[in-house]
Amino acid sequence: HNPRCAVYENVGVNTTLMNSSNYENSCIITAYDEDVSDKLTWSITRNSDDMFGIKKATGAVYMAKSPDYEFLATYTIEVTVTDQAGVTDSIEVSISVLNLNEQVTMSYQTLYIDENSPAGTTLGSPTTYDPDEGSTFTYRIVADNSGGYFDIDKTTGEISVSSTAVLNYEIKQNYTLSVNVTDSGIPTSPSFKTSAVAEVIILVEDV
């Protein structure tokens, strides 16, 4: 059967691919020659976007460019082995790019609120980006110089006026919050979550 190899996305150039059967051993394309004294040379004779390289003396496949799962998750290359007499044989090698949980990013525009606004008045939501499809997010306020005047929706990041707020332009015209977002850790293998922190500027408007 044709060899199957794998590699995690975003790895550096020259990273050796893994064997798909266990994700541990190196991806090495083996060959058999009845003439045991023959010197064999490996090459890639069909290479998608020149993404891959191969060690000529050993048949170990490595990355010539850094892969991106979101761009392309599977590749097929052709590897040819040549003996000293010029006799060749070729085989197709399937390569899977494994998805990793990538860094979430978040930002807020400056938010405006009329003084004396009642509890529950919404100010705005963040722009959150995660390259991994299907991610969900958890938001929380991690720093607040307002004394608890603002609440946050844990699933959307939307900021609103809290029940304890007393927004008075004549007393204070601006507030600053720090909001943390954590993604859901998709994919879950290897399992880790990423987070980001954004500053939120809130300006109170005179009414």
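Summarised in this report is the structure supplied together with it. Given the structure is predicted, the values throughout are model-derived calculations rather than measurements.

1. Details of the overall build of the protein
Working step 1: Per the secondary structure count, the protein includes 0 helices and 16 strands.
Working step 2: Relative to a compact globule of 207 residues, whose C-alpha radius of gyration would be 17 Å, the protein shows 27 Å and is clearly more extended.
Working step 3: Expressed along its principal axes, the backbone C-alpha trace of the protein runs to roughly 90 × 25 × 20 Å.
Working step 4: Across the 207 residues of the protein, 37% fall into the buried class.
Working step 5: Across the protein, the mean location of the 10 positive side-chain charges is 7 Å away from that of the 29 negative side-chain charges.

2. Comments concerning the packing of aromatic side chains
Working step 1: The full count for this structure, using the stated rule, is 4 aromatic pairs.
Working step 2: Note on F52 and Y75: the rings are 5.2 Å apart at their centroids and 80° apart in plane angle, and the pair reads as edge-to-face. With a gap of 23 residues between them, F52 in strand β4 (residues 52–54) and Y75 in strand β6 (residues 74–82) connect regions that are remote in the sequence. Both residues of the pair, F52 and Y75, belong to the buried class.

3. Re the layout of surface pockets
Working step 1: When its volume is computed, the largest pocket comes out at roughly 230 Å³.
Working step 2: In terms of lining residues, the largest pocket is bounded by 17 residues, among which A31, Y32, V81, T88 and D89 are the most central.
Working step 3: When grouped by side-chain class, the residues that make up the lining of the largest pocket number 9 nonpolar, 5 polar and 3 charged.

4. Observations regarding the sheet that holds strand β14 (residues 159–161)
Working step 1: One open sheet accounts for 3 strands, arranged β10-β14-β13; its pairing is antiparallel. A strand with exactly one partner marks an edge of an open sheet, and here the two such strands are β10 (122–124) and β13 (150–152). Adjacent strand axes in the sheet meet at a mean angle of 35°, parallel and antiparallel pairs treated alike.
Working step 2: One ladder, built from 2 bridges, connects β10 with β14; its direction is antiparallel. Within the sheet, the bridge partner assigned to T122 lies in β14 and is S160.

5. Comments concerning the state of the cysteines
Working step 1: Considering all chains together, one arrives at 1 disulfide under this definition.
Working step 2: Bridging C5 to C27, the disulfide has an S-S length of 1.7 Å. Measuring the twist about the S-S bond at about 40°, one finds the C5-C27 disulfide to be right-handed. With C5 in strand β1 (residues 4–8) and C27 in the loop between β2 (18–19) and β3 (41–46), this residue pair connects regions lying 22 residues apart in the sequence. As far as burial versus exposure is concerned, C5 and C27 are alike and both buried.

6. Quick word on the pattern of salt bridges
Charged atoms that come close allow side chains of opposite charge to pair.
Working step 1: Here the structure, examined in full by the defined rule, presents 3 salt bridges.
Working step 2: Residue R46 is joined to E78 by a salt bridge in which the shortest nitrogen-to-oxygen separation is 3.6 Å. Of the two residues, R46 sits in strand β3 while E78 sits in strand β6, which places them 32 residues apart along the sequence.
Working step 3: With a relative accessible area of 36%, R46 lands in the partly exposed category.
Working step 4: Classification of E78 by relative accessible area gives partly exposed; the value is 23%.
Working step 5: A salt bridge links K65 to D49; the shortest N-O distance between them is 3.6 Å. Highlighted residues: K65 in the loop between β5 (61–63) and β6 and D49 in the loop between β3 and β4, separated in sequence by 16 residues.
Working step 6: Linked through salt bridges whose partners overlap, the residues forming this network are R46, E78 and E92.

7. Remarks on the sheet that holds strand β9 (residues 111–114)
Working step 1: A sheet is described by the order of its strands in space; here 4 strands give the open sequence β9-β16-β15-β12, paired in mixed fashion. The sheet terminates laterally at β9 and β12 (137–144), the two strands that pair on one side only. Neighbour-to-neighbour, the strand axes of this sheet turn through a mean angle of 30°, independent of strand direction.
Working step 2: Where strand β15 (residues 174–183) and strand β16 (residues 195–205) come together, 9 bridges link them in antiparallel fashion.

Reading the values: the criteria
Residues numbered from 1 in each chain as written. Predicted model: local features only at pLDDT ≥ 70, side-chain atom pairs only at ≥ 80, totals over all residues. Heavy atoms only, no water. Helix = DSSP H or I, 4+ residues; strand = E, 2+ residues; numbered from the N terminus. Rg over C-alpha atoms; globule rule 2.2 N^0.38 Å. Buried < 20%, exposed > 50% of the residue type's maximum accessible area, 1.4 Å probe, protein only. Lys, Arg positive; Asp, Glu negative; His and termini not counted. Charge placed at Lys NZ, Arg CZ, Asp CG, Glu CD. Phe/Tyr/Trp six-rings, centres within 6.5 Å; stacked < 30°, edge-to-face > 60°. 1 Å grid on protein atoms, 1.4 Å probe; cavity = no way out; pocket = protein on both sides within 12 Å on 5 of 7 lines; lining within 4 Å. Points joined across faces, edges and corners; volume = space filled by probe spheres on them. Nonpolar A, V, L, I, M, F, W, Y, C, P; charged D, E, K, R; others polar. Pairing = 2+ DSSP bridges. Axes fitted to C-alpha atoms, helices over the stretch in contact; angles between N-to-C directions. Disulfide = S-S within 2.5 Å. Salt bridge = Lys/Arg side-chain N within 4 Å of Asp/Glu carboxyl O.

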